[in-house]
Every structure is written in structure tokens, then in C-alpha cells.
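# Observations on the three-dimensional arrangement
Here's the letter readout for the chains.
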Amino acid sequence: MIDTLAALHGTITLATPLLLAAIGETVVQKSGVVNVGLEGLMLVGAFSAVLAVTASASLPLGLVAAAVCSGLLALLFAVFSVRLAANQVVVGVVMNLLALGLTGTLYRARFGETGTFVKTPTLSPLLFGQNALTLLALISVPLLWVWFYKTRAGLITRACGEQPVATEAGGINVLRVRTLCVLFGGMMAGLAGASLSIGTAGTFIENMTEGRGFIALAIVTSGRWSAVGCLVAALVFGGVEQLQFIGQAQGWRLPYQLFLALPYVVTLMILVLGGKTGQAPAALGKPYRRA
């Protein structure tokens, strides 16, 4: 018999890093920028959180370190892709490679050449067995909707992603808005990485994100660039990933490789089906150069 509450709890837990990263990336893409370096930002956040916690024994400081370090890397991305109008996809891929190499090197330098297993404390549950990062992810869904459609700042962000030339003519600094959005997205990705390390696992493993940054990118598209859509898509992925734990508990006689591949197959299907009806921002991925 499947424990429904336990399965729901696990689904929400697994969906948390995806939702945090997707919420931040939604803001970034609404402003007209695509940050393919989401995977690297999450990896830096996961490592920075563990490093800060092992040095200070403070979980809040770990969250701050994750947000700040990933935010700084996001600003580097913004310098090249927003300010210098470089190809956003190329810069994002370079950021992923940089983060993968940097975190692996620093991890071995700090904890030993063999990558000693480091155990850290994890965030305590606050409500219904969920920790602060999960609650933040869930609360950010209605907050993002209100910000996008009920505030002037949200309107300006959407305008930068739809008609940057007209927005600039209206007295708005498009490059500044896009840079701030990239910074916000980077900090959210850092918290998403922290939810993997000090949020649940209590440790850092090289390349522990395992493609979740790319899944978060797919969630933004399949969620049609809306907070509610991102929530639904993240829960679907979390539920499918939870199946492997349910299958082990129930003794399902299926190859474990099937369970490992299933979340990515389902995400691809959601991307294909959901992306057809979504309307991307008109200037998405197009570098803006001031006249």
C-alpha cells in the first residue's frame, strides 16, 4: 500500500529546487534574457552553502552564501550577455563548464584530493514537514503573479522582454532592468542549489545537480512563463522522480535505469506538448544594444 502523504511530501521536496530555479528564470526570461547557465548557478549555490556551513556551523549563513555566490556568477553572465550583447546560449554554456570545474576543484582542495564525503546539518522542518526553502518556493508563486501583473516594476520587466526599444524610449534603462533580473534569477538558482545540499542531502557531491538546471529551463517553457505553470510542471517532475523511491519500497520488478530516465522523458514530453501553446516574450534571447 502506497503512503499517499509520504509520496506527496517527497514530491514537494523533490520539486523545491526546480521550482526555485524556475521562478527565478521566469523573471529573467520575462525581461528578454535566456540564462542557459542555470545548471552552473545551482551547482555553485550547492557548494557555497556546504562550504559556509562547514566553516561557520550556521545554516542561515549557508543560504546567504549560496545566494551571494550564485548572484555574483550571474552578474558575470550579465556582463557578457546583457552589457556586451554576446550570444546568451554560448555564455550560459561557458558558465556551466566554469561552475562544474570550479566547484570540483575547490571541493577537492578544501576536503581532500579524493573528495572526502562531508556531512552537514540540514534545514529543520517548519510546517507540514517542509523546510524554509520549500515554503519560500511555494509562497513565491502567488508573489510572482502579483509582482508581474499588479506592480509597475513587473510591468517594466515584461515590457523589456516584449518591446525593449519602445521601453527605452519611455525612459527605462533596459540593460539595467535585465541585469537586475539576471541577478535575481542567479540568487534564486543559488537557493535552489542550497536546497539540494543543505536542504535535503546534507552534503555536496560533484555535479550533484545532475541536469536539474536544464530541467528548470524546460519547466519555464512548458509552464508558459507563468508562476502557476512552473509550479504544476515542477510538481509533475517531482512526482515522477518520486516513483523510483515508491517502486523500491513496493518492490516493483523494473530496471532501475527506467526510473532514472523516466523524469527526463516526461519532462521532454511536457516541453513538447506545453511549449506549443505558450507565448514566449517577443524579444526573448535577442541582445539589446542601446542606440
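Read on for an overview of the structure. (Residues numbered from 1 in each chain as written. Predicted model: local features only at pLDDT ≥ 70, side-chain atom pairs only at ≥ 80, totals over all residues. Heavy atoms only, no water.)

Let's shift gears to the overall build of the protein. When you go through the protein residue by residue, the secondary structure sums to 11 helices and 0 strands. Scanning the protein from its N terminus toward the C terminus, one meets helices and strands in the order α-α-α-α-α-α-α-α-α-α-α. For 291 residues, the compact-globule formula gives about 19 Å, and the C-alpha radius of gyration of the protein, at 19 Å, lands near that figure. Residue pairs at least 24 apart in sequence account for 79% of intrachain contacts in the protein once pairs closer than 6 positions are excluded. Within the structure as shown, the protein displays about 13500 Å² of accessible surface, and the carbon and sulfur contribution to it stands at 70%. Of the side chains in the protein, 17 bear a positive and 9 a negative charge, and the two mean positions are spaced by 11 Å. (Helix = DSSP H or I, 4+ residues; strand = E, 2+ residues; numbered from the N terminus. Rg over C-alpha atoms; globule rule 2.2 N^0.38 Å. Contact = heavy atoms within 4.5 Å. Areas by Shrake-Rupley, 256 points an atom, 1.4 Å probe, with all protein chains shown as cover. Lys, Arg positive; Asp, Glu negative; His and termini not counted. Charge placed at Lys NZ, Arg CZ, Asp CG, Glu CD.)

We now examine the packing of aromatic side chains. The tally for this structure, following the rule as stated, stands at 6 aromatic pairs. Their ring planes at 50° and their centres at 5.3 Å tell us that Trp 147 and Phe 148 sit as a pair that is tilted. Given a relative accessible area of 28%, Trp 147 falls into the partly exposed group. For Phe 148, a relative accessible area of 2% translates into the label buried. Here the aromatic cluster, defined as three or more aromatic residues joined through ring pairs, consists of Phe 47, Tyr 107, Phe 111 and Phe 204. A cation over an aromatic ring shows up here: Lys 30 above the ring of Phe 148, its NZ or CZ 5.7 Å from the ring centre. (Phe/Tyr/Trp six-rings, centres within 6.5 Å; stacked < 30°, edge-to-face > 60°. Buried < 20%, exposed > 50% of the residue type's maximum accessible area, 1.4 Å probe, protein only. Lys NZ or Arg CZ within 6 Å of the ring centre and 35° of its normal.)

This paragraph deals with the packing of helix 5 (residues 132–150) against helix 6 (residues 152–162). Axis separation between helix 5 and helix 6 bottoms out at 5 Å; the angle between their running directions is 75°. The angle between helix 5 and helix 6 falls in the class roughly perpendicular. Packed against helix 5, whose contacting residues are Trp 147, Phe 148 and Tyr 149, the element helix 6 presents Ala 153, Gly 154, Leu 155, Thr 157 and Arg 158 at the interface. Considered class by class, the residues forming the contact of helix 5 with helix 6 number 5 nonpolar, 2 polar and 1 charged. (Axes fitted to C-alpha atoms, helices over the stretch in contact; angles between N-to-C directions. Parallel < 35°, antiparallel > 145°, perpendicular 65-115°, else oblique. Nonpolar A, V, L, I, M, F, W, Y, C, P; charged D, E, K, R; others polar.)

The geometry of helix 2 (residues 38–56) relative to helix 8 (residues 174–201) is characterised by a closest axis approach of 6 Å and an angle of 55° between their N-to-C directions. With respect to their mutual orientation, helix 2 and helix 8 come out oblique. The element helix 2 and its partner helix 8 pack so that their crossing is right-handed. Only Gly 186, Ala 189, Gly 190, Ala 192, Gly 193, Ala 194, Leu 196, Ser 197 and Ile 198 of helix 8 make contact with helix 2, whose side of the interface consists of Leu 38, Leu 41, Met 42, Gly 45, Ala 46, Ala 49, Val 50 and Val 53. Its residues assigned to classes, the contact of helix 2 with helix 8 comprises 12 nonpolar, 5 polar and no charged. (Left-handed = near helix turned anticlockwise from the far one by under 90°.)

Attention now moves to the environment of Pro 263. The residue Pro 263 is located in helix 11 (residues 256–275) in this model. Residues Pro 263 and Ile 215 lie 48 residues apart in sequence; the distance between their C-alpha atoms is 9.4 Å. Here Pro 263 is in contact with Phe 237, Val 240 and Glu 241, once residues within four sequence places are set aside.

A separate point is empty space enclosed by the protein. It is the rolling of a water-molecule-sized probe over the atoms that shows where space remains empty. Counted under the stated rule, the structure contains 1 cavity of 30 Å³ or more. Residue lining of the largest cavity: Ile 12, Ala 15, Thr 16, Leu 19, Thr 134, Ala 137, Leu 138, Leu 231 and Leu 235, and that is the complete set. Looking at the lining of the largest cavity, the elements with two or more residues in it are helix 1 (4–30), helix 5 and helix 10 (227–250). In terms of residue count, helix 1 provides more of the lining of the largest cavity than any other element does, 4 residues in total. (1 Å grid on protein atoms, 1.4 Å probe; cavity = no way out; pocket = protein on both sides within 12 Å on 5 of 7 lines; lining within 4 Å. Points joined across faces, edges and corners; volume = space filled by probe spheres on them.)

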